[in-house]
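Overview (structure and organization)
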Amino acid sequence: MPLDIQNFKDRHFGENIANAFEEMVGKFPDLCHEDLLRNCVTDAASNMKKAMDTTDMLSEHLICVAHILNTCLKHAIKISPQLSAAISRCKELARKTHQSYNDHEDIVKYCKEKGVIPREIIQPVETRWNSIFLMLKSILQLKDGLRNAVRRLSSTVVPDNHYTKFIPTDEEFRLLDALNFFLEKVKACSELLSADEKPTIHLVIRELRTLDMIIDLRNEHLTRVGNMEPVIDFMDCFRKNLLERIPDYGASNPLYAYPALLHPYYKGDMLKTTNEETGTTFKKHWEDELIENHDSTKQWEHDRSRTLEHISMNSTDMSEDLDVYELEFRKKQNSQEERQSQRQRSGEAVHAPLKIEFDKFHSIPNKDLTRHVDVLAWWKSKQDELPILSKIAR
């Protein structure tokens, strides 16, 4: 639910954006408490980054992952002159068919000759995510009709700016078809992560690692096909850019790792890669850190420390002034506390409450769940069984 909308009239410098942000937050006293954690998600524009770095009112600043994906695509396209040239020609073809009714009708005629359903070639918009994919998809669907137009007009003298001059060659169509397979996967990922009806941050690591696996599998396939180096280089460049912007695909960032750890279906499976700094898996690292630093663990350690002190103090001889019943009660109490202390020292069955809840969480079967589980509804249903984890998750 939007809390405030403000007309921004200043120049879009980082300092101005930071001042406007602080002014908006300042309207709501409940958002200004010093101990409150305030996180912000923006696009990857340099002025937004500077604004969020300038303000003192943020705990964490996240860049929209969908925006990062599309930024990485733009950088990767530039790595291959062959792909870059083919896409530029496609953009010009889209522009011409939008500006010229005759060109559009010409293409419709040649498509019908080949039994191809005529479609409008989508014109890409620089600021629209996935618009390159949509343009290429529309052109690939018209491939037979477009190549028919080239063949039919090959013996006709046409001007240099005629639309047929911008129709991809057979080799370019082959490369663009292979490229668009991957662009479609990126589109699906960005649309999933940019959804606004349900939380998606718990899916970031899984989706990015899935893209990584797709790149490996696709590269193997294209290597066998042969002559696909431009597309292979494109995907490798995309992956390199993505890892520069989101190291370890988010596994080393607690803002991505904790939600993934608490996914009811996957339960942190995508965090099983090794953390080079600790030598353990990211899953164990973040689970241990969450348990160690949580208030419930600190309270439990404080109570345990006092219990051990109490046991030590009462292990001395009992006062002779105590009656026999009080003495017997103290002996039983100390005996129970001593057994608990021994279990603590031996590591048997005595753990912090959050550790116990994590163990219980991992033991819950997920056979009745799917990967599309409503995480908020699931954790709400577990608030009595897993009260601490449920509160953290929600």
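This text follows the structure it describes.
The sections below set out a description of the structure shown in this document. All values derive from a computational prediction rather than experimental measurement.

Where empty space is left in the structure can be found by rolling a water-sized probe over the atoms. Tallying each qualifying case throughout the model produces one cavity of 30 Å³ or more. Size it by volume and the largest cavity reaches roughly 50 Å³. As for the largest cavity, its lining consists of His 202, Ile 205, Arg 206, Ala 260, His 263, Tyr 266, Gly 268, Asp 269 and Met 270. Broken down by class, the residue content of the lining of the largest cavity amounts to four nonpolar, three polar and two charged.

What follows covers the environment of Ile 117. For Ile 117, the location among the structural elements is in the loop between α5 (101-113) and α6 (131-141). Residue classification places Ile 117 among the exposed residues on the basis of a relative accessible area of 56%.

Estimates place the volume of the largest pocket at around 1100 Å³. Asn 39, Ile 201, Pro 254, Leu 255 and Pro 259 are the residues nearest the centre of the largest pocket, which is lined by 37 residues in total. Elements supplying a minimum of two residues to the lining of the largest pocket: β1 (39-42), β2 (60-63), α3 (65-77), α11 (254-261), α12 (282-293), α16 (375-381) and α17 (387-393). Sorting elements by how many residues they give to the lining of the largest pocket places α11 first, with five residues. Of the residues belonging to the lining of the largest pocket, the class tally is 24 nonpolar, eight polar and five charged. In terms of lining residues, the second largest pocket is bounded by 23 residues, among which Asn 70, Lys 74, Ile 77, Glu 126 and Ile 132 are the most central.

Within a regular strand, side chains alternate between the sheet's two faces. What you see with β1 is a clean split: Cys 40 and Thr 42 sit on the buried side and Asn 39 and Val 41 on the side with no burial. Two strands pair when backbone bridges link them, and β1 and β2 are joined in this way by four bridges, in the parallel orientation. Of the residues in β2, the one forming a bridge with Cys 40 is His 61. Handedness of the crossover joining β1 and β2 through helix α2 (residues 46-54): right-handed.

Turning our eyes to something else, we now look at the pattern of salt bridges. Summed over the entire model, instances satisfying the criterion amount to 17 salt bridges. In this structure, the salt-bridge partner of Asp 216 is Arg 239, at a minimum N-O distance of 2.9 Å. Of this pair, Asp 216 sits in helix α9 (residues 204-225) while Arg 239 sits in helix α10 (residues 229-245), and the two are 23 residues apart along the sequence. Here Glu 385 makes a salt bridge to Lys 382, at a shortest N to O gap of 3.6 Å. Lys 382 gets classed as buried once you look at its relative accessible area, which sits at 16%. Each of the salt bridges in this network shares a partner with another, and the network as a whole consists of Asp 212, Asp 216, Asp 236 and Arg 239.

Here the focus is the packing of α5 against helix α7 (residues 143-152). Contact pair α5 / α7: the axes reach a minimum separation of 8 Å and the direction vectors enclose 105°. Classified by the angle between their axes, α5 and α7 sit roughly perpendicular to one another. Judged by residue contacts, Ile 107, Tyr 110, Cys 111 and Glu 113 of α5 engage Gly 145, Leu 146, Asn 148, Ala 149 and Arg 152 from α7. A class-by-class count of the residues in the contact of α5 with α7 yields five nonpolar, two polar and two charged.

Another aspect to go through is α10. For α10, spanning 17 residues, the distance from its first C-alpha to its last is 24 Å, which sits close to the expected 24 Å at 1.5 Å a residue. Among all positions in α10, only Pro 230, Val 231, Ile 232, Phe 234, Met 235, Cys 237, Phe 238, Arg 239, Asn 241 and Leu 242 are buried. The inward-facing, buried residues of α10 contact α3, α4 (81-99), α8 (170-193) and α9.

The next subject is the packing of α11 against α12. Any two packed helices are characterised by the angle at which their axes cross and by the distance between the axes. The interhelical angle for the contact between α11 and α12, taken along N-to-C directions, is 95°, at an axis separation of 10 Å. With respect to α12, the axis of α11 lies roughly perpendicular. Here Pro 254, Ala 257, Tyr 258 and Leu 261 of α11 come into contact with α12, specifically with Lys 283, Trp 286, Glu 287, Glu 289 and Leu 290. Class assignment for the residues of the contact of α11 with α12 results in six nonpolar, no polar and three charged.

About the thresholds
- Residues numbered from 1 in each chain as written.
- Predicted model: local features only at pLDDT ≥ 70, side-chain atom pairs only at ≥ 80, totals over all residues.
- Heavy atoms only, no water.
- 1 Å grid on protein atoms, 1.4 Å probe; cavity = no way out; pocket = protein on both sides within 12 Å on 5 of 7 lines; lining within 4 Å.
- Points joined across faces, edges and corners; volume = space filled by probe spheres on them.
- Nonpolar A, V, L, I, M, F, W, Y, C, P; charged D, E, K, R; others polar.
- Helix = DSSP H or I, 4+ residues; strand = E, 2+ residues; numbered from the N terminus.
- Buried < 20%, exposed > 50% of the residue type's maximum accessible area, 1.4 Å probe, protein only.
- Pairing = 2+ DSSP bridges.
- Right-handed = clockwise from strand over helix to strand, strands pointing away.
- Salt bridge = Lys/Arg side-chain N within 4 Å of Asp/Glu carboxyl O.
- Axes fitted to C-alpha atoms, helices over the stretch in contact; angles between N-to-C directions.
- Parallel < 35°, antiparallel > 145°, perpendicular 65-115°, else oblique.
- Contact = heavy atoms within 4.5 Å.
- Expected span 1.5 Å × (residues − 1).

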